[in-house]
Amino acid sequence: MQMQHLTDTTGAAAQPPVLDVRHVEKVYGSRNNVTRALADVSFTVQRGEFVGIMGASGSGKSTLLNCVSTIDAVTSGHVFIDGVDVTGMKPAKLTRFRREQLGFIFQDSNLLDTLTARENIALPLTISRVPAREVQVRVEAVASRLSITGVLDKYPYQMSGGQQQRVAAARALVGDPAIIMADEPTGALDSKNARLLLECFETMNRTYRATVLMVTHDSFAASYTNRVLFIRDGRIFTELRRGAASRQEFFNRIMEVVAMMGGEGSDAL
Amino acid sequence: MLCKLAWGNVRRAGRDYLVYLLTLTLAVTVFYAFNTISVQVDLAGVTAQNAGMGETLGGIISGLTVFLAVVMGFLMVYANNFIMKRRKKEFGLYQVLGMSKGQVARIMTFETLFVSMAALALGIVCGLALSQLMVFFTASLFKTQIADFHFFFSLGAFAMTVGCLAAIFLVTLVFNLRVVARAKIIDLMSAGRQNEAIKTRNPWVSAVIFLVGLAAIVVAYVRLLHDGLPYDGTPEGMQTFGITTAIVVVGTILFFYGLSGFLLKALQSARGLYWRGLNMVTLRQLSAKVNTVSLSMAVIAMILFLAITSVTTGMSLASTMNSTVERGTPVDYTRCLVYWSADVVDEMNAEVQAQEAHDAGAPSDAEAVADRSDASRYAVADDPIDMMQASAGDTVDPDTADARPFDLASIAGASVQVDTYDSIPRDADKPVVTLWDLCRLVHMDLPAGTETSDMTTLGLAVMTESNYNEYLRFRGMETIELGENGYTITSDMGATVNDIYNKVLAEGVELTIGGRALRPVQDRVPEDASTFQNAMMGMNSGTIVLPDDLVAALDLSPYISYLMVDYADDVSVGEGDAYIGAYRTYGDVTNAAGESVAGWGVEATRTTTYQSVDSMNGLISYLAIYIGFVLVVACAAILTIQQLSGVSDASRNYRILSELGTSVREIYHSVFVQQTIFFVFPVVVGIAHSIVALSVIIKLVALFGGMTIGGMVGITTLIFLIAYGGYFCVTYVMGRGIVRDAIRTRHAA
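Per chain, the residues get numbers from 1 upward, laid out in the order the sequence is written. Chain labels run from A onward and ligand labels from 1 onward, assigned in the order the entries are written. Predicted model: local features are reported for residues with pLDDT of at least 70 only, side-chain atom pairs are reported and counted for 80 or more only, and whole-chain, interface and lining totals are derived from all residues.

Comments concerning the overall build of chain B
Helical segments are the DSSP runs of H or I of at least four residues, strand segments are the runs of E of at least two, and each set is numbered from the N terminus. Within chain B one finds 24 helices and 12 strands. The buried share of chain B, taken over its 749 residues, is 45%. Each residue is represented by a C-beta atom placed from its backbone, and any two residues with such atoms within 7 Å are regarded as in contact. Across chain B, every contact between residues at least 6 apart in sequence was considered, and the portion connecting residues at least 24 apart equals 86%. With C-beta atoms placed from the backbone, a residue is labelled by how many other C-beta atoms lie within 10 Å of its own: buried for 20 or more, exposed for 12 or fewer, partly exposed between the two.

And the structure:
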């Protein structure tokens, strides 16, 4: 199946894509023992999109996210973020780029256990030397949008897992990044907290026009997105667009694809 | 197989073992080098002029080594716990794979053994090198010439070192085996994830605790500066001092307990600074560690304080002696004779009577009677005796084949006898003048450390004008003229006491003694003309010189007689010293009635005084450096281990920071700031304590001729700082390594 350059043609002419992945390949191991984690993957993401990446474990979806988010280096191919090629960047420049252009949310919230929620959210701003007064204003604003004002002065160990993840989401959002990368953000949450977090992502996406790229193996989580890319054996297998469909309809369509790809969907709900 | 596994582990966990290895190696080096002291003292030619010095020092050093080995043992247990904590999971895995606890224990035994052997080998090599170098140091310390330098190896020191290392090894092993024996597999396996629970305290409470601690320290300082040291050992003095000590200890602990909270609060109020870069991370990281670290920081501050204070005091005292010894040894040979006072005579005669009554009751005990000295009665002397003449009663090297009679006159050239009198007249019970009287006359306080002692009732010694002029002529100095109504005061005690005398003389204070009004004829204490005997430090604490007729009229009894002798021109110093010899018995000093009037005091040649000073200097410097160095290394090692375990606990946080786009440089900087605070604050507090304590000690020591900070203090401090700084560097480099690894492996976890 040939599925190259899955480009959102509708907005392409008006605006360059915020993320442009071209022919990315990732190979692990030595000459005698090669594992091909990604093979010729290409796609784009437009500003303001909420994109899901689905696949079974070992399909290469986390590798893809790592390559796109500059945490891992690609073997060949290019990744453009906001028109800048990040594949050849020097480490120091990469650090700065990551700080200014990317936001991260991980499966375990990765909050600093010694800082309060407020300080955790402020971190990307203080690292970028944003003036103290502005830091306060922006932290408060994001927190109230994501309904976590009540936990701002608590430490991570005093919060529930869901609260921690929403704080992590606020931290990813506060620096106003070009794109937010979320790696299995609902993986460690119960269904109620997962739903709250996903609604939080929707809010981010709708009110802040934040671009979100979310890796998940959970069809329910994927149904909150605008578009889902399915990955199998290191290649893009297919993509689904939500269009005007309701979340339930979109969920059913995702389930169909998952079933067609063979298994893995049964534990989604 | 287990051995191979252990070897692999040591090599792989090399960095974890580095602190352990470094500290143990340093300990072995220092243990070996200092225990070669008796050989060194030989080589440096000290024993040639100071027999027994080597053994004395050697004995003290061996004893100290055992004590320091115990300290080191506990330190090693601590260091090892750090390694164990990081490797619990690994030990759990071995057990899950089917190894018995015994086998795991054996792996660990091998590992500990390898590291100990490596430390022994490295340490002995370094120790060998250091001990050769130290011979030169020893020679300069004891001011001797190296007679015959050759490379040496001391089996005794080696055995001592191996013994101590073996003891340390065994202690560490026992603790390790206990950890393995007690641990459950489930705990071991989950050890990696069990992050130390972050206990946060209200920073306001911390800040208050800090301020209370600071206030307590200040109160203790003020108390110490005001009360001084309990020099006289009275219960009240000791109690006051005890309370001050308790306050400063508690204050120091509170200070460190609240330190991070206070820093946090202080910086939070400076918003621009707090919400900037990694500042808040650095501070939060500091305050998160405070529970585990604050107590040891306080203990380290106190240990550093003790090390600094004792090393500085010891060395300064020694160097002060060194600088005053020239003034303190005006002639080739002196001896002094202390006469029995009326109190002593009464007491001893009563004892003799009791003994006689007892003997009469038990006549079978004939030996006791025969043993007693010829003079069985004691009396207060009427007049000073002629000491030159009395010296003929001495026997040199008694009870040996070389025993020979002695006559000082046979080697003496110029000589003078100085006679001082007790200032309490025979028919009175109060001294004619006391230091306390003088203090009141010039409105000064008694010197620090003497306020509560019997200084208030102790009189100044008295001497006659003619005798003092005789002394001055002997010394080749200008004589004085008191006339009918003059007086002057001599004293070589320096500083505090002489300040009072100087003021008395300068103000021309009038004294009424024996009904006669007297005025001083000098405006300063003649310090250079006040020394009557060879000694390391001033011994004349105040002697008032009065007109001869007044002294006669006062009817005083003799106090101390001093005989000062220069050898005759045809007698060299070596010949004279040899004739004096080292051991002697004195002839009895009796009055016409055959009653004992004095016990012998002290004798000293200029040479022996110089040697005592050099030996004392060497001894103090040796012990100070030895103890100080080991303590400083121990403190630094504890800080290092704590910091590294802290960095490794926090490595997840550093990984997150890196993911958020913090540059590695900034993260290193944060680690650096944290470690600097941990290393610098104990030193700062320790130094602050030391400065206050030293200022009080200096005041006290001023009584005995004063002391200035000097000698080897500078160089010793430098050595300590290098050792401490070395640990700091190791900590930082290793901490960076841990952070770097954590960032690199961020997604492997």
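Still more ground to cover, so stick around.
Points about the overall build of chain A
In terms of helices and strands, chain A carries 9 helices and 10 strands. Whereas a compact globule of 269 residues would reach a radius of gyration of roughly 18 Å, chain A reaches 18 Å, a difference of no more than 12%. With the C-alpha coordinates aligned to their principal axes, the bounding extent of chain A is approximately 55 × 45 × 45 Å. This radius of gyration counts C-alpha atoms alone. The globule rule is 2.2 Å times how many residues there are, raised to the power 0.38.

Re the pairing of strand 3 (residues 50-54) of chain A
Residue and element names in this part refer to chain A. Most of strand 3 is tucked away: 5 of the 5 residues are buried. Burial of strand 3 is two-sided: the residues Phe50, Gly52 and Met54 facing one way and the residues Val51 and Ile53 facing the other way are all buried. When strand 3 meets strand 8 (residues 212-216), the two strands line up parallel, connected through 5 bridges. Residue pairing for strand 8: Phe50 is matched across the bridge by Val212. Examined bridge by bridge, strand 3 and strand 9 (residues 227-232) share 4 bridges and lie parallel to one another. Among the inter-strand pairings, Val51 is bridged to a residue of strand 9, identified as Arg227. Criterion used throughout: strands pair if DSSP finds at least two bridges between them.

Things to note about the environment of Arg99 of chain A
Mapped onto the fold, Arg99 of chain A is located in helix 3 (residues 91-101). With 19 C-beta atoms counted inside 10 Å, the residue Arg99 of chain A sits in the partly exposed group. Taking the C-alpha atoms as reference points, Arg99 of chain A and Ser128 of chain A, 29 residues apart in sequence, are found 7.4 Å from one another. The residues contacting Arg99 of chain A, other than those within four sequence positions of it, are Pro124, Ile127 and Ser128 of chain A together with Leu660 and Gly661 of chain B.

Observations concerning the sheet that holds strand 2 (residues 35-45) of chain A
All names here are of chain A. Read across the open sheet, the 4 strands follow the order 2-1-4-5; overall the sheet is antiparallel. Bordering the open sheet on either side are strand 2 and strand 5 (84-85), each of which pairs with just one other strand. Strand direction decides the pairing type here: strand 1 (residues 19-28) and strand 2, joined by 7 bridges, are antiparallel. Its bridge partner lying in strand 2, Leu19 is registered against Val45.

With respect to helix 7 (residues 155-182) of chain B
A turn of α-helix holds 3.6 residues, and therefore any two residues three or four places apart point the same way. Taking 1.5 Å per residue as the helical rise, helix 7 of chain B with its 28 residues ought to reach 40 Å, and the 40 Å between its terminal C-alpha atoms agrees with that figure. Buried within helix 7 of chain B are the following residues: Ala157, Met160, Thr161, Cys164, Leu165, Ile168, Phe169, Thr172 and Asn176 of chain B. Multiplying 1.5 Å by the helix residue count minus one yields the expected span of that helix.

Focus on the domain arrangement of chain B
Residues and elements named next belong to chain B. Domain boundaries in chain B define domain 1 (1-194), domain 2 (341-358 + 374-422 + 557-596) and domain 3 (429-551). The centre of domain 2, based on its C-alpha atoms, is set 27 Å off from the matching centre of domain 3. The interface is formed by 9 residues belonging to domain 2 together with 11 residues belonging to domain 3. Looking at the side of domain 2 that touches domain 3, the elements with two or more residues in it are strand 4 (412-421) and strand 10 (558-567). Think of it as three bins: nonpolar holds Ala, Val, Leu, Ile, Met, Phe, Trp, Tyr, Cys and Pro, charged holds Asp, Glu, Lys and Arg, and polar takes everything else, Gly as well. Partitioned by chemical class, the residues of the side of domain 2 that touches domain 3 number 7 nonpolar, 1 polar and 1 charged. What counts as a domain boundary in this text is fixed by an automatic or database domain assignment.

As for the nonpolar core
Each nonpolar core comprises buried Ala, Val, Leu, Ile, Met, Phe, Trp, Tyr and Cys residues, the members being joined through C-beta atoms within 7 Å. If you look at the biggest cluster of nonpolar residues, it comprises 209 residues, and the most contacted ones within it are Ala169, Ala170 and Leu213 of chain A together with Ala637 of chain B. Ranked by residue count, the leading element in this core is helix 21 (residues 606-649) of chain B, at 22 residues. Two domains each put at least three residues into this core: domain 1 (1-194) and domain 3 (429-551) of chain B. Not counting the four nearest positions on each side in its chain, Ala637 of chain B is found in contact with Val19, Thr23, Leu75, Ala79 and Tyr727 of chain B. The next biggest cluster of nonpolar side chains, apart from the first, holds 60 residues, and it includes Tyr333, Phe406, Ile411 and Ala598 of chain B.

Some thoughts on unusual backbone geometry
Residue and element names in this part refer to chain A. Even without a glycine there, the phi angle at Asp40 is positive, about 50 degrees. Structurally, Asp40 can be placed in strand 2. Its 16 C-beta neighbours within 10 Å are what place Asp40 among the partly exposed residues. Here the phi dihedral of Asp176 falls at roughly 55 degrees; this positive angle occurs in a residue that is not glycine. Along the chain, Asp176 turns up in the loop between helix 6 (161-174) and strand 7 (179-183). Taking the C-beta count within 10 Å as the criterion, Asp176 has 14 such neighbours and is therefore assigned partly exposed.

Points about helix 4 (residues 117-127) of chain A
Residue and element names in this part refer to chain A. A large share of helix 4 lies buried, amounting to 11 of its 11 residues. Among the residues making up helix 4, those that are buried are Ala117, Arg118, Glu119, Asn120, Ile121, Ala122, Leu123, Pro124, Leu125, Thr126 and Ile127. Looking one or two places after helix 4, you find Arg129, whose phi comes out positive at around 60 degrees.

Some points on the interface of chain A and chain B
Contact residues are listed per partner, giving 24 residues for chain A and 21 residues for chain B. If you list the elements that add at least two residues to the side of chain A that touches chain B, you get helix 3, helix 4 and helix 5 (132-145) of chain A. The biggest single contributor to the side of chain A that touches chain B is helix 4 of chain A, with 6 residues. Grouping the constituent residues of the side of chain A that touches chain B by class yields 13 nonpolar, 5 polar and 6 charged.

Some words on the packing of helix 9 (residues 203-227) of chain B against helix 10 (residues 235-269) of chain B
All names here are of chain B. Orientation is described by lines fitted to C-alpha atoms, with helices fitted over the stretch in contact, and by angles between N-to-C directions that extend from 0 to 180 degrees. For the pair helix 9 and helix 10, interaxial distance at closest approach is 6 Å and the crossing angle is 150 degrees. For the element pair helix 9 / helix 10, the angle class is roughly antiparallel. In terms of crossing hand, the pair formed by helix 9 and helix 10 is left-handed. For the contact of helix 9 with helix 10, a count of residues per class yields 21 nonpolar, 9 polar and 3 charged. Comment on the angle field: the value is read as roughly parallel under 35 degrees, roughly antiparallel over 145, roughly perpendicular from 65 to 115, and oblique elsewhere. In this scheme the crossing of two helices becomes right-handed for a clockwise turn of the near helix relative to the far one and left-handed for an anticlockwise turn of less than a right angle.

Looking at the sheet that holds strand 8 of chain A
Residue and element names in this part refer to chain A. The mixed open sheet is built from 6 strands, whose spatial order is 6-7-8-3-9-10. Edge positions in the sheet fall to strand 6 (102-105) and strand 10 (235-241), since each has one partner strand and no second. In this sheet, neighbouring strand axes are inclined to one another by 20 degrees on average, regardless of whether the strands run parallel or antiparallel. Sheet analysis places strand 6 next to strand 7, joined by 4 bridges and oriented parallel. Residue pairing in the sheet places Gly103 in a bridge with Ile180 of strand 7.

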